[in-house]
Amino acid sequence: MSTTTRTAVRDDAALQHARMPEPIPGERPTRGIPFGRLVTVELRKMLDTRAGRWLLIAVGVVIAAALTILFVQGGGDHPFGDYLQATTMPMAILLPVVGIMAVTSEWSQRTALVTFTLEARRTRVAWAKVVAALAVGVVAVVFSFALAAAAHAAAIGLRGAEGDWTFTWTALLGAAGYVLLGLLQGLGFGMLLRNTPAAIVLYYVLPTGWSILGSLWSQAEKAGEWLDLNRTMNPLFLGELTGQQWAQLGTSVAVWVALPLAVGMWWITRAEVK
Amino acid sequence: MITVDHLTKRYGAFTALDDVSFVARPGRVTGFLGPNGAGKTTAMRVVAGLTPAGGGSATVLGRPYAALPNPGRHVGLLLDASAQHAGRTGREVLTLGAVLTGVDRRRVGAMLDLVGLSEKEANRRVRNYSLGMRQRLGIAHALLADPEVLILDEPANGLDPAGIRWMRDLLRGFAARGGTVLLSSHLLNEIERVADDIIVIGNGKVVAHGTTEELLAGSGTVVRSTDDRALEGALRAGGVSTTGVATGGLLAETDPETVGRVALAAGVVLRELRSGDERGLEEMFLDLTAASAREEVAA
């Protein structure tokens, strides 16, 4: 069989009809994307999806409900510490999901493909996520303190409650640490597992797992003193920490926050992005 | 300019890329043609730094992709139109890209307009986009930061005929301005209408490459010998250009007699010598696709 000789039929004639994007004037960049811009974008990505927004709305709703209960119950007569707990706890419990999803959505929604081609230095992206999550945490903590103070003041002014403004600095530090460490732990679990349901389930099951294990097996109970974040962080709320308590806190943070983050980051720099 | 040099990639026993080399030049549209699973996507992913190479190297504009400062301003990529967050609007996807690459936000609107996504469509979430709309969004994203190089994996997928025509015009215009375009497709007639150069890949190997005219003409002489490399050297020394052939051997841009004389002078034993015009690009490509097409039917 002989094929007829063919010449390429290209549409050069149509060229004048094609609309082309405007060129951007000036030189092309010779320097990489500044870190601050990466953080800005990561922050925006945490908040610009429905999932992110609903999560924050959920935090708001739970806080509002907790404050309403405090306000109504017993004539609103509760110390500031109780109000602080009502605003901080919902954040400490729910915000880690923001950290988890900041990482896992890159894989489940496959946006990592775009993220890592616009910034090929993957560790910088990972660090930008850490900084962005901490920024969310810091804003949340400041907001929760202010909200607790406002609610307590309102209870005094409107409900005639007796004011009790006593609090310890370690308690404030504990509340802030709770929120921030939770966010970082969420990020770490996200980087390690890269799967939203798995990371969320593990994050929430872990503390319960400790208490179940601890009740069944005394060795686990002992290990929990050093490894169960819920237990090691508890002294922060109560006041002064002993040297051993700091060591226990440090150990548990190293195992559940620093280690997942380190292993997760190592993996991210090596992984094939699908 | 994209340079791929002896690229190899294995997944266990499966060889996705086997010593792949090619160059995509500025001012030209380079078509990357091959059946599904031939290794086109893998090669493009290695070029973009998403998949680590097993061996060999790939550079864009003379550097490895990871060494490009603010890569979006140099290279526009569309590797998978579905790889966008389903919960973001099209406009938000482009806005994130604009902020990250540091280009004027007004470009977002201009790009949406260019690819024909209306105001209303741009404000819908990507979840509700058709494949064609996702491709258009992906092209807008690739062009957003005014790159010099475009790498597009199957960009015509999901586009209607008018859309495919529009894409062709766009890519030819981009190359005419001096840009480098590398696009892949598994459809020969799509590639031959837009590409200046064609690279044919099958089972992870480059089986043919050359200008579209050369490959489509299918003329010349197919020759096989006991030492193709030596013969190729001798032919090229004599000013005859050659290309590799799918089934082994060479396609020489001359008549069989000349090849025979060169082989005689070089002392190379010939095993096959025939006029190449009975075996055009289309047939070669059909041969290549037949195997994977059968697998698809069986699956």
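What counts as what
Residues numbered from 1 in each chain as written. Chains lettered and ligands numbered in written order. Predicted model: local features only at pLDDT ≥ 70, side-chain atom pairs only at ≥ 80, totals over all residues. Heavy atoms only, no water. Helix = DSSP H or I, 4+ residues; strand = E, 2+ residues; numbered from the N terminus. Rg over C-alpha atoms; globule rule 2.2 N^0.38 Å. Buried < 20%, exposed > 50% of the residue type's maximum accessible area, 1.4 Å probe, protein only. Contact = heavy atoms within 4.5 Å. Areas by Shrake-Rupley, 256 points an atom, 1.4 Å probe, with all protein chains shown as cover. Lys, Arg positive; Asp, Glu negative; His and termini not counted. Charge placed at Lys NZ, Arg CZ, Asp CG, Glu CD. Domains from an automatic or database assignment. Salt bridge = Lys/Arg side-chain N within 4 Å of Asp/Glu carboxyl O. Pairing = 2+ DSSP bridges. Axes fitted to C-alpha atoms, helices over the stretch in contact; angles between N-to-C directions. Buried area = accessible area lost by both parts, 1.4 Å probe. Polar contact = N/O pair within 3.5 Å; in protein donor to acceptor, adjacent residues only side chain to side chain. Nonpolar A, V, L, I, M, F, W, Y, C, P; charged D, E, K, R; others polar. 1 Å grid on protein atoms, 1.4 Å probe; cavity = no way out; pocket = protein on both sides within 12 Å on 5 of 7 lines; lining within 4 Å. Points joined across faces, edges and corners; volume = space filled by probe spheres on them. Arc of directions from axis to C-beta. pLDDT = per-residue confidence, 0-100.

If you had to explain the overall build of chain A to someone new, which residues and values would you point to?
A tally of helices and strands in chain A yields 11 helices and zero strands. Along chain A, helices (α) and strands (β) appear in the sequence α-α-α-α-α-α-α-α-α-α-α when read from the amino end. Relative to a compact globule of 274 residues, whose C-alpha radius of gyration would be 19 Å, chain A shows 25 Å and is clearly more extended. Its C-alpha atoms put chain A at 95 × 50 × 40 Å along the principal axes. Per-residue burial for chain A yields a buried fraction of 44% across its 274 residues. Within chain A, contacts between residues separated by at least 24 positions form 74% of all contacts whose residues are at least 6 apart in sequence. A total of about 13,700 Å² of accessible surface is found on chain A, and carbon and sulfur atoms cover 67% of it. Distance between charge centres in chain A, computed from 21 positive and 17 negative side chains, equals 13 Å.

An account of unusual backbone geometry is requested, with residue identities and associated values reported.
Even without a glycine there, the phi angle at Arg110 of chain A is positive, about 60 degrees. Following the sequence through the fold, Arg110 of chain A ends up in the loop between α4 (96–108) and α5 (112–118). Classification of Arg110 of chain A by relative accessible area gives partly exposed; the value is 28%. Of note, the phi angle at Leu61 of chain B is positive, near 50 degrees, even though the residue is not glycine.

Which residues make up the domain arrangement of chain B, and what values do they have?
One can read the domain layout of chain B as domain 1 (2–202) and domain 2 (219–279). Its C-alpha centre places domain 1 of chain B at a distance of 36 Å from the equivalent point of domain 2 of chain B.

Describe in detail the pattern of salt bridges, supporting the description with residues and values.
Residue and element names in this part refer to chain B. For the coordinates displayed, the defined rule picks out 25 salt bridges over all chains. The closest approach of N and O atoms between Asp197 and Arg28, which form a salt bridge, is 2.7 Å. In this pair, Asp197 is assigned in strand β8 (residues 197–202) and Arg28 in the loop between β2 (14–24) and β3 (29–33), connecting sequence segments 169 residues apart. Judged by relative accessible area, which is 11%, Asp197 ranks as buried.

Kindly report on the pairing of strand β5 (residues 75–78) of chain B, identifying the contributing residues and their values.
All names here are of chain B. Of the two faces of β5, the one carrying Val75 and Leu77 and the one carrying Gly76 and Leu78 are both buried. Where β5 and strand β6 (residues 149–153) come together, four bridges link them in parallel fashion. Pairing of Val75 across the sheet is with Val149, part of β6.

Help me get a handle on the sheet that holds β3 of chain B, residues and values and all.
Residue and element names in this part refer to chain B. Reading across the sheet, the six strands line up as β5-β6-β7-β3-β8-β9 and stay open at both edges, with mixed pairing between neighbours. One side of each edge strand has no neighbouring strand; the edge strands of this open sheet are β5 and β9 (205–211). Taken over all neighbouring pairs, the strand axes of this sheet differ in orientation by 15 degrees on average, direction set aside. Inspection of the sheet shows β6 paired to strand β7 (residues 180–185) by five bridges, in the parallel sense. Counted as the bridge partner of Leu150 is Val181 from β7.

With reference to specific residues and values, describe the interface of chain A and chain B.
Much of the literature gives interface size as the accessible area that the parts lose upon coming together. Every contact between the two is made by 52 residues of chain A and, on the other side, 71 residues of chain B. Across the interface of chain A and chain B, roughly 5,500 Å² is buried in total on both sides, 54% from carbon and sulfur atoms. Along the contact surface separating chain A from chain B lie seven salt bridges. Among the ionic pairs, Arg28 of chain A bridges to Asp146 of chain B, the shortest N-O distance being 4.0 Å. Where chain A meets chain B, there are 20 residue pairs in polar contact (both at pLDDT 80 or more). Considered class by class, the residues forming the side of chain A that touches chain B number 21 nonpolar, 10 polar and 21 charged.

With reference to specific residues and values, describe the sheet that holds β2 of chain B.
Residue and element names in this part refer to chain B. Taken together, the three strands give an open sheet; going across it, the order is β2-β1-β4, and neighbouring strands pair in antiparallel fashion. Edge positions in the sheet fall to β2 and β4 (55–60), since each has one partner strand and no second. Between one strand and the next, the sheet's axes are offset by a mean angle of 20 degrees, whatever the strand orientation. Direction of pairing for strand β1 (residues 2–11) relative to β4: antiparallel, over a ladder of five bridges. Its bridge partner lying in β4, Thr3 is registered against Thr59. Here helix α1 (residues 40–47) sits on the sheet and contacts β1, β2 and β4; the angle it forms with β1, its principal contact strand, is near 115 degrees.

Let's hear about the layout of surface pockets: which residues, and what values?
Residue and element names in this part refer to chain B. When its volume is computed, the largest pocket comes out at roughly 720 Å³. For the lining of the largest pocket, the secondary-structure elements that each account for two or more residues are β2, β9, α9 (228–237) and β11 (242–244). Element by element, the count of residues in the lining of the largest pocket is highest for β9, at five residues.

I'd like a rundown of helix α10 (residues 229–238) of chain A, residues and numbers included.
All names here are of chain A. Every buried residue belonging to α10 is among Leu229, Thr232, Met233, Pro235 and Leu236, and all of these are buried. Around the axis of α10, the buried residues are gathered within 135 degrees of arc, so they sit on the same side. Contact partners of the buried residues in α10: α7 (169–193), α9 (218–227) and α11 (243–270).

Can you break down the confidence of the model for chain A residue by residue, with the values?
Looking at chain A, the pLDDT average stands at 87 and 93% of residues meet or exceed 70. The model gives residues 1–16 of chain A a pLDDT under 50, and that stretch makes 36 contacts with residues more than four places away or in other chains.

Now, about empty space enclosed by the protein: what can you tell me, with residues and values included?
Scanning all chains against the criterion turns up six cavities of 30 Å³ or more. By volume, the largest cavity is sized at about 280 Å³. In terms of lining, the largest cavity is formed by 25 residues, of which the most central are Val114 and Thr117 of chain A together with Leu77, Leu78 and His141 of chain B. Among the secondary structure elements, those contributing two or more residues to the lining of the largest cavity are α5 of chain A together with β5, α2 (90–101) and α5 (131–143) of chain B. Broken down by element, the lining of the largest cavity gets its largest block of residues, five residues, from α5 of chain B.

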